[in-house]
Amino acid sequence: MEYNDFLEMFIEESKDHLQNINDELLKLEADPDNTSIVNEIFRSAHTLKGMAATMGFEDLASLTHDMENVLDLLRNSKLTITSEIMDIIFTCVDFIEKMVTNIEQGGNGKENVTDIVFQLKKIQDPSLAMNLENQAINETAATAQLVMDEFQLSVINEAIKFGNHAYQISVTLDEQCVMKAVRAYMVFQVLEELGEVLQTNPPVEQIEEEGFNDTFSILLLSPQEAQDIQKQLLNVSEVKQVLVVEQGNQQGKIDEEVLVKEVEKADPTPKQNGNEESDSSKKKPRSKSIRVDIDKLDQLMNLFSELIIDRGRLEQIAQNTHLNELTETVEHMTRISTNLQELILNMRMVPVEQVFNRFPRMIRDLAKELNKKIELIIEGAETELDRTVIDEIGDPLVHLIRNALDHGLETTKDRIECGKPEEGKVVLKAYHSGNHVFIEVKDDGKGINREKVLSKGIERGVVTLEDSQNLTDSQVYSLLFSSGFSTADKISDISGRGVGLDVVKTKIESLGGAISVDSTLGQGSIFQIQLPLSLSIIYAMLIKVANETYAIPFNSIVEITNVARDEVVTLHGQKVIQFREQVVPLIYLQEVFHVPSAPNETEVQELFIVIVRKGDKTVGLVVDSVLGQQEVVLKSLGSYLTNLYAISGATILGNGEVALIIDSNQFIN
Amino acid sequence: MESFKIVAFKLGEEEYGLDITNVQSIERIQQITRVPNAPHYVKGVINLRGTVTPVIDLRAKLDFDCTDYTKDTRVIITKNEEIQLGIIVDRTSDVLDIAKENIENATSLSGNTEFFEGIAKLNGRLIILLNLEELMKTTNY
């Protein structure tokens, strides 16, 4: 593997770990006494640090290291969690995220972290902050003898009560040993199976970086006998000598009074920690999966669609030759390929969770910033969507949620005055329905004020005064999506730059989706996004214009009808028909696409009309014939042909021919 | 002596060449789907093993008279950066080694010289080298 492959893996995994840390931190904030959560965070942070150091991102590694130190204190209950500590750790995670993003974008992952590092150190030891430099010197000067502080003594004392022994172990490696750090690591692995490592000299980090001369010492708590430990350790190759000395009993008696106090603080005991650790690791079985580049899936899909084309040809041959055996084989092939297609499409689907799980953290920060109390409820996070949609949907959702928090929910004071629960509720919900996935952002805030929207709309020239009288509520709400519209009286940091919702709408529409809003004054509003299941496969109606075949996406079609030629009337130079009490303008595809006429074309008395819609406007597309509906694989026309009028892409038909996909939105302005 | 390879092809009696590093494959003419409202020299798109690829008629692009396609007509599939483009030519003739020193600039020619990189001389043959990057620009919509 190349460095770049590792880098990619590193970035992906780092993101996973960061997400995990974020999730667990939120849990920890809600349940600060749960050390198993701290352990989980610690594990992720530790892995992250290791990976960063291996990849040579020193800044990232050292920041993570400092964070890990604080976490270590937390999990050993040397520190109690306060909201300041949480904030610092959160900021720290943000920094790490920034670094990883920087690395992803080709940077070196450097950030100015002196401030945050200082704060982390300060948590670890308020006095230590003063003499950071001295400390480094002290560390190197420390002797091989392990100096135990009172806390450790208390832990040892406690452990002994539970039938453990404390051992001071000194391991000497062979002078010939080339990779000392690796051997040391193996030693630690063995030790971790035997019991709990309390302390090492030199510190673990230094050992990992081979910062020791052949010998290092460990303080271990273990129920095992000294000889067993010695034997097991000697099994590690290139270990020359192992000295195991039982500790604790004599030293533990030093200062009973102090110890008792300390023991109280140190509850829960390390032993329990260990159990919880193994419990939580049992709870999370790792699913077996591999990461696949999305391009490879695209390639697979491409190859597969070629296979489908060949299958079509084979079907034709089988029909023409009347060979039973061939027909049967082709039928079997058809079944298999249908299954295969489903499978390939499924592979591209990822749970919407991937987007959703960054929101709890965001809401926490925003709630603090806005000084509102907010509860986020996530439903249907397991709903699956095409990976491409997932990648695109994040920003619009961020926007909607920010809106809900900033404009939707009232201030705590207002809420109390209205007799609502103090804590505002935001529900983020995803679900399947038919060929679509719906995502809803719902708040129980003040709702949308019709009059306010209207007056703003008139002020901004989005709607005229006369029109405004006749608009239905939903029409009024849809004004929110017009460009240059913002109803917030005060422009805040969080939203209200006035570009919000129309950008959201454009984005959703570019994904082939739609957005709508509903609201009840005083009770809240709900934004609903409708998204196609997949961007690569769409349902389309195949139509013919003269000799050319086109596909019209199903989601824009309202109805297909045929009308007699004499029902078409001309209004102000525009041909229209009356259809279901509505005047529908007609667009002759043959004219707008300049399709050459087929030679034997005769004047037909009936017109096929595909009625398409954008918003509440409709037009009728005049076509020559309708071939039927089909699932088609959406393909881009490439970067050579861009901005083609009313063409959004192409697809390959069963006979291998390319058909263009009509973007009917462009007919409606 | 520095040299590079070109794919040589013909339009009528004239010989042209494209740097082989930009050429992905040479295809026979196949079903082309017309693309409405595209520049006149864009003949449409083809299905190139699952990839929808636009094709242009080089004769139309260089303001030649258009002729019917024959069994010798070929589509040269080229790629430059992100753009993939098929170029229809009358026939392909050869892959040739051209020495850099045997290239003259094309300013002596009249007409659409912006598409020409230079003129290569090879044993009495004169081959116009095309500038693919310029060819791929879709200016005259």
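Treat the numbers as computed from the prediction; the structure is a model and nothing was measured. (Residues numbered from 1 in each chain as written. Chains lettered and ligands numbered in written order. Predicted model: local features only at pLDDT ≥ 70, side-chain atom pairs only at ≥ 80, totals over all residues. Heavy atoms only, no water.)

## Points about the overall build of chain A
Here is the rule we go by: Strands here are runs of E lasting at least two residues and helices are runs of H or I lasting at least four, both read from the DSSP assignment and numbered beginning at the N terminus. Each residue is placed in one exposure class: buried if its accessible area under a 1.4 Å probe, protein chains only, is under 20% of its type's maximum, exposed if it is over 50%, and partly exposed if it falls in between. Note on areas: these come from Shrake-Rupley sampling with a 1.4 Å probe, and a residue is covered only by the protein chains present in the view.
A count of helices and strands for chain A gives 24 helices and 22 strands. Here chain A holds 669 residues, and the buried ones make up 44% of them. Of the roughly 35,800 Å² of accessible surface on chain A, a fraction of 49% belongs to carbon and sulfur atoms.

## Structural notes on the sheet that holds strand 21 (residues 647-652) of chain A
All names here are of chain A. Threshold: The pairing criterion for strands is at least two bridges between them, as found by DSSP. For helices, the fitted line uses only the C-alpha atoms of the stretch in contact; every axis is such a line through C-alpha atoms, and the angle between N-to-C directions lies from 0 to 180 degrees.
If you trace the 5 strands from one edge of the open sheet to the other, you get 20-12-13-22-21, paired in mixed fashion. Single-partner strands in this sheet number two, and they are strand 20 (625-633) and strand 21. Averaged over all pairs of adjacent strands, the angle between strand axes in this sheet comes to 35°, irrespective of strand direction. Bridging between strand 13 (residues 548-553) and strand 22 (residues 658-662) involves 2 bridges; their strand directions are parallel. From the neighbouring strand, Y550 faces strand 22, where its bridge partner is L660.

## Here we look at the interface of chain B and chain A
To keep things clear, this is the line we draw: The contact criterion used throughout is that any non-hydrogen atoms of two residues lie within 4.5 Å. A quick way to say it: buried area is the sum, across both parts, of accessible area lost when two parts are put together, with a 1.4 Å probe. Salt bridges are defined by distance alone: a side-chain nitrogen of Lys or Arg within 4 Å of a carboxyl oxygen of Asp or Glu. Pairs of N or O atoms are called polar contacts if they sit within 3.5 Å, as long as, within protein, a hydrogen donor faces a hydrogen acceptor (for residues adjacent in sequence, only side-chain-to-side-chain pairs).
Listed per partner, the contact involves 26 residues of chain B and 26 residues of chain A. Interface of chain B and chain A: buried area, both sides summed, is about 2,100 Å²; carbon and sulfur atoms make up 60% of it. Area buried by chain B at its contact with chain A is led by R34, N37 and V52 of chain B, which between them contribute 28% of it. At the boundary of chain B with chain A, the tally comes to 1 salt bridge. When the shortest N-O distance is used, the salt bridge between R34 of chain B and E548 of chain A registers 2.6 Å. Across the chain B-chain A interface, the total number found is 6 residue pairs in polar contact (both at pLDDT 80 or more). Of all elements in the fold, only strand 4 (42-48), strand 5 (51-57) and strand 7 (83-89) of chain B reach the threshold of two or more residues within the side of chain B that touches chain A.

## Focus: empty space enclosed by the protein
Residue and element names in this part refer to chain A. The following threshold applies: Residues are called lining when one of their atoms sits within 4 Å of a cavity or pocket point, these points coming from a 1 Å grid over the protein atoms alone, where a cavity is a set in which a 1.4 Å probe fits but cannot get out and a pocket is an open set with protein on both sides within 12 Å along at least five of seven lines. Grid points are joined across faces, edges and corners, and a volume is the space filled by probe spheres set on the points. Residue type decides the class: Asp, Glu, Lys and Arg count as charged, Ala, Val, Leu, Ile, Met, Phe, Trp, Tyr, Cys and Pro as nonpolar, and the leftover types, Gly among them, as polar.
If you walk through the whole model with that rule in mind, you get 2 cavities of 30 Å³ or more. What lines the second largest cavity is K372, K373, I374, L409, E410, T411, T412, R415, E422 and G424. Here the lining of the second largest cavity is built from residues that sort into 2 nonpolar, 3 polar and 5 charged.

## Describing a negative patch on the surface
All names here are of chain A. Our working definition: Within the patch definition used here, like charges are joined within 9 Å and nonpolar side chains (Val, Leu, Ile, Met, Phe, Trp, Tyr) within 5 Å, considering only residues with over 30% relative accessible area and no salt bridge. Positive: Lys, Arg. Negative: Asp, Glu. His and the chain ends are not part of the count. By convention, charge coordinates are those of NZ in Lys, CZ in Arg, CG in Asp, or CD in Glu.
A grouping of D5, E8, D293 and D295 is seen on the molecular surface, where their side chains present a negatively charged patch. Counting through the fold element by element, D293 comes out in the loop between helix 13 (270-283) and helix 14 (294-321). By relative accessible area, D293 is classed as partly exposed at 40%.

## Looking at the pairing of strand 10 (residues 116-122) of chain B
All names here are of chain B. Across the 7 residues that make up strand 10, a large majority, 5, are buried. As defined by bridge partners, strand 9 (residues 103-104) adjoins strand 10 across 2 bridges and the pair is classed as antiparallel. Within strand 10, the position partnered with E104 by the bridge is I119. Note that strand 10 and strand 11 (residues 125-130) share 6 bridges and pair antiparallel. Residue pairing in the sheet places K121 in a bridge with L126 of strand 11. Hairpin remark: strand 10 followed by strand 11, antiparallel, with 2 residues in the connecting loop; positive phi at N123, about 45°.

## Some words on the packing of helix 14 of chain A against helix 15 (residues 324-347) of chain A
Residues and elements named next belong to chain A. Using the following cut-off: Here the angle decides the label: under 35 degrees means roughly parallel, over 145 means roughly antiparallel, 65 to 115 means roughly perpendicular, and every other value means oblique. Handedness of a crossing is defined here by the sense of rotation of the near helix relative to the far one, left-handed for an anticlockwise turn of less than a right angle and right-handed for a clockwise turn.
The interhelical angle for the contact between helix 14 and helix 15, taken along N-to-C directions, is 160°, at an axis separation of 10 Å. Between helix 14 and helix 15, the crossing angle belongs to the class labelled roughly antiparallel. Every pair of crossing elements has a handedness; the one defined by helix 14 and helix 15 is left-handed. Residues L297, L300, M301, F304, I308, R311, L314, E315, I317, A318 and T321 of helix 14 form the contact with helix 15, whose participating residues are L326, T327, V330, M333, T334, S337, T338, L340, Q341, I344, L345 and M347.

## Some points on the pattern of salt bridges
For the coordinates displayed, the defined rule picks out 30 salt bridges over all chains. A salt bridge links K373 of chain A to E422 of chain A, with the nearest nitrogen and oxygen atoms 2.7 Å apart. You can see K373 of chain A sitting in the loop between helix 17 (359-370) and strand 6 (374-379) and its partner E422 of chain A sitting in the loop between helix 19 (412-417) and strand 8 (424-433), a full 49 residues away along the chain. For K373 of chain A, a relative accessible area of 44% gives the class partly exposed. The salt bridge involving D90 of chain B is made with R59 of chain B; its shortest N-O contact spans 2.6 Å. One end of the pair, D90 of chain B, is in the loop between strand 7 and strand 8 (91-99); the other, R59 of chain B, is in helix 1 (residues 58-61), and 31 residues separate them in sequence.

## Side note on the sheet that holds strand 17 (residues 582-588) of chain A
Residues and elements named next belong to chain A. Taken together, the 6 strands give an open sheet; going across it, the order is 14-18-19-17-16-15, and neighbouring strands pair in mixed fashion. Of all strands in the sheet, those with a lone pairing partner are strand 14 (557-564) and strand 15 (569-571), marking the two edges. Across the sheet, the mean angle from the axis of one strand to that of its neighbour is 40°, orientation sign disregarded. Two elements, strand 18 (residues 606-614) and strand 19 (residues 617-623), share 7 bridges in a ladder whose sense is antiparallel. Considered in strand 19, the bridge of V612 is made with V619.

## What about unusual backbone geometry?
Positioned with a positive phi, R580 of chain A is a non-glycine residue whose angle comes to about 45°. Among the secondary structure elements, R580 of chain A is positioned in the loop between strand 16 (574-579) and strand 17. A positive phi is found at N123 of chain B, a non-glycine position, where the angle reads about 45°. Inspection of the secondary structure puts N123 of chain B in the loop between strand 10 and strand 11.

## So, the packing of helix 2 (residues 35-55) of chain A against helix 3 (residues 58-75) of chain A
All names here are of chain A. Closest axis-to-axis distance for the helix 2/helix 3 pair is 9 Å, and the angle between their directions is 160°. Between helix 2 and helix 3, the interaxial angle falls into the category roughly antiparallel. Pair helix 2 / helix 3 crosses with left-handed handedness. Listed contacts from helix 3 to T35, V38, N39, I41, F42, A45, H46, L48, K49, A52 and A53 of helix 2 are L60, A61, T64, H65, M67, E68, L71, D72, L74 and R75. Residue composition of the contact of helix 2 with helix 3, by class: 12 nonpolar, 5 polar and 4 charged.

## So, the packing of aromatic side chains
Residues and elements named next belong to chain A. Stated precisely, the cut-off is as follows: Note on ring pairs: Phe, Tyr and Trp rings are taken, using the six-membered ring of Trp, and paired if centres are within 6.5 Å. Classes follow the plane angle, with under 30 degrees stacked, over 60 edge-to-face and the rest tilted. Placement of a charge over a ring requires the Lys NZ or Arg CZ to be within 6 Å of the ring centre, with the centre-to-atom vector within 35 degrees of the ring normal.
The tally for this structure, following the rule as stated, stands at 10 aromatic pairs over all chains. Relative to F527, the ring of F481 has its centre 6.2 Å away and its plane inclined at 90°; by these criteria the two rings are edge-to-face. Of this pair, F481 sits in the loop between helix 22 (473-478) and helix 23 (500-510) while F527 sits in strand 11 (residues 524-532), placing them 46 residues apart in sequence. In this pair, the class of F481 matches that of F527, namely buried. Arranged with centres 5.9 Å apart and planes meeting at 80°, the rings of Y645 and F667 form a pair that is edge-to-face. Of this pair, Y645 sits in the loop between strand 20 and strand 21 while F667 sits in the segment after strand 22, and the two are 22 residues apart along the sequence. Taking the relative accessible area as the measure of exposure, Y645 reaches 36% and is therefore partly exposed. Of the residues examined, F667 reaches a relative accessible area of 9% and is grouped as buried. Stacked on the ring of F95, the Lys or Arg K98 has its end atom at 5.1 Å from the ring centre.

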